[in-house]
Protein chains: 2
Amino acid sequence: MTQKLVAGIEPPYYTAVFTSVRPESPEGYAETSVRMQELVREIPGFLGYESARTPGGIGITVGYFRDLESLESWARHPEHRAAKEYGREHWYESYSVHIGKVERSYGYARD
Amino acid sequence: MTQKLVAGIEPPYYTAVFTSVRPESPEGYAETSVRMQELVREIPGFLGYESARTPGGIGITVGYFRDLESLESWARHPEHRAAKEYGREHWYESYSVHIGKVERSYGYARD
């Protein structure tokens, strides 16, 4: 678990907001999740991600990308596509994806 | 706790992604959170929000707005601004805000 936020990226950049409803720990999920984290780090232009899930509630993952090309090369990655298809069939009750271009960001960190 | 995702909004629209690190239940937080949820619903162009927090981890809230004007009128709301200032001083170890324009979205829901 990281307590470190993705911060300090110079706009413009892109975010993929992935929200989902699924059972707590479905079979095969954890392994696939680790594998996807390995793979996405190999994508040029991938800047980081954050993930949170309320027990019994929804999950939100935000991926940060330098540009639309890098985001789309992740979306099109064959192993990622296969995982998404498997997840749709076996894990997720529902999910939404919102692709956004960030023109403004700011933050705060206590000293 | 809602299990219902924000979905089906026609692009373009705007998202405010708020990620944060804070103690689990700081004093005064719950009341202020409820009050902010009431207030934001009064903002014309507010389309919904989702929130998730991993116990011991980070929190992510995504607010959806019709346009930049509606998002900014929420950002400038006096009571919201006061709450943000209070939160910075008393609750949050760190946070980031990413304002994005969504041009593409899609989703899935099991029948």
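Everything numeric here is computed off the predicted structure, so don't read it as measured data.

Undergrad: Break down the overall build of chain A for me, citing the residues and quoting the values.
TA: Assigned secondary structure in chain A consists of three helices and four strands. Counting helices and strands in the order they occur from the N terminus, chain A gives β-α-β-β-α-α-β. The C-alpha atoms of chain A give 14 Å as radius of gyration, which agrees with the globular expectation for 111 residues (13 Å, within 12%). Dimensions of chain A, computed from C-alpha atoms along their principal axes, come out at roughly 40 × 30 × 20 Å. Expressed as a percentage of its 111 residues, the buried residues of chain A come to 44%.

Undergrad: I'd like to hear about the pattern of salt bridges, residue by residue, with values.
TA: All names here are of chain A. Tallied over the full model, the rule gives eight salt bridges over all chains. The partner of Lys101 in a salt bridge is Glu103, with the nearest N and O atoms 3.6 Å apart. Look at Lys101 and you get partly exposed, because its relative accessible area is 30%. Residues participating in the shared-partner salt-bridge network are Arg35, Glu38 and Glu79.

Undergrad: Describe the interface of chain A and chain B, listing the residues and the values that go with them.
TA: Counting residues at the interface gives 49 residues for chain A, matched by 49 residues for chain B. Looking at the side of chain A facing chain B, the largest losses of area belong to Leu5(A), Tyr106(A) and Tyr108(A), adding up to 15% of the total buried there. Inspection of the region where chain A meets chain B yields 27 residue pairs in polar contact (both at pLDDT 80 or more). Of all the secondary structure elements, the ones that give two or more residues to the side of chain A that touches chain B are strand 1 (13–21), strand 2 (46–53), strand 3 (59–65), helix 3 (78–90) and strand 4 (94–109) of chain A. The greatest single-element share of the side of chain A that touches chain B, amounting to 16 residues, is contributed by strand 4 of chain A.

Undergrad: Tell me what's going on with the sheet that holds strand 2 (residues 46–53) of chain B, and back it up with residues and numbers.
TA: Across the sheet, eight strands lie side by side as 2(A)-3(A)-1(A)-4(A)-4(B)-1(B)-3(B)-2(B); this open sheet has antiparallel pairing. If you trace the sheet from one side to the other, it starts and ends with strand 2 of chain A together with strand 2 of chain B, each paired once. On average, adjacent strands in this sheet sit at an angle of 25° to one another, irrespective of strand direction. Pairing of strand 1 (residues 13–21) of chain B with strand 4 (residues 94–109) of chain B, which is carried by nine bridges, proceeds in the antiparallel orientation. Looking at strand 4 of chain B, one finds that Tyr13(B) is bridged to Val102(B). In the packing of helix 2 (residues 68–75) of chain A onto the sheet, the strands contacted are strand 1, strand 3 and strand 4 of chain A together with strand 4 of chain B, and the crossing angle to strand 1 of chain A comes to about 35°.

Undergrad: With reference to specific residues and values, describe the pairing of strand 4 of chain B.
TA: Bridge count between strand 4 of chain A and strand 4 of chain B: 15 bridges; the pairing is antiparallel. Residue pairing across strands places Ser96(A) opposite Gly107(B), the latter belonging to strand 4 of chain B.

Undergrad: Quick one: what's the story with the UniProt feature "domain: ABM" (unreviewed entry) in chain A, residue by residue and with numbers?
TA: As recorded in UniProt, the feature "domain: ABM" (unreviewed entry) lies at residues 13–99 of chain A. A helix fraction of 38% and a strand fraction of 34% characterise residues 13–99 of chain A, whose end C-alpha atoms lie 11 Å from each other.

Undergrad: Explain the pairing of strand 1 of chain B residue by residue, including any values.
TA: Residue and element names in this part refer to chain B. Taking burial as the measure, the nine residues of strand 1 include eight buried ones, the bulk of the element. Bridging between strand 1 and strand 3 (residues 59–65) involves seven bridges; their strand directions are antiparallel. Across the sheet, Tyr14 pairs through a bridge with Phe65, a residue of strand 3.

Undergrad: For the relation of the copies chain A and chain B, give the residues involved together with the corresponding values.
TA: If you rotate chain A by 180° and push it 0.0 Å along the axis, it lands on chain B with an RMSD of 0.0 Å. The transformation relating the two chain copies, once decomposed into turn and shift, fits a two-fold axis.

Undergrad: I'd like a description of helix 2 (residues 68–75) of chain B, backed by residues and values.
TA: Turning to helix 2 of chain B, its buried residues are Ser70(B), Leu71(B) and Trp74(B). Looking straight down helix 2 of chain B, one finds that the buried residues subtend no more than 100° of arc, so they occupy a single side.

Undergrad: Describe in detail the packing of aromatic side chains, supporting the description with residues and values.
TA: In this structure the tally under the stated criterion is 16 aromatic pairs over all chains. Measuring from ring centre to ring centre gives 5.3 Å for Tyr86(B) and Trp91(B), while their planes differ by 70°; the resulting arrangement is edge-to-face. Residue Tyr86(B) is classed as partly exposed on the basis of its relative accessible area, which comes to 39%. Relative to Tyr95(B), the ring of Tyr92(B) lies with its centre 5.7 Å away and its plane at 80°, an arrangement referred to as edge-to-face. Classification of Tyr92(B) as buried rests on a relative accessible area of 10%. A connected cluster of aromatic rings, assembled from ring pairs, spans Phe18(A), Tyr92(A), Tyr95(A) and Tyr108(B).

Reading the values: the criteria
Residues numbered from 1 in each chain as written. Chains lettered and ligands numbered in written order. Predicted model: local features only at pLDDT ≥ 70, side-chain atom pairs only at ≥ 80, totals over all residues. Heavy atoms only, no water. Helix = DSSP H or I, 4+ residues; strand = E, 2+ residues; numbered from the N terminus. Rg over C-alpha atoms; globule rule 2.2 N^0.38 Å. Buried < 20%, exposed > 50% of the residue type's maximum accessible area, 1.4 Å probe, protein only. Salt bridge = Lys/Arg side-chain N within 4 Å of Asp/Glu carboxyl O. Contact = heavy atoms within 4.5 Å. Buried area = accessible area lost by both parts, 1.4 Å probe. Polar contact = N/O pair within 3.5 Å; in protein donor to acceptor, adjacent residues only side chain to side chain. Pairing = 2+ DSSP bridges. Axes fitted to C-alpha atoms, helices over the stretch in contact; angles between N-to-C directions. UniProt positions renumbered as here; feature names shortened; annotations may be inferred. Least-squares fit on C-alpha atoms with pLDDT ≥ 70 in both. Arc of directions from axis to C-beta. Phe/Tyr/Trp six-rings, centres within 6.5 Å; stacked < 30°, edge-to-face > 60°.

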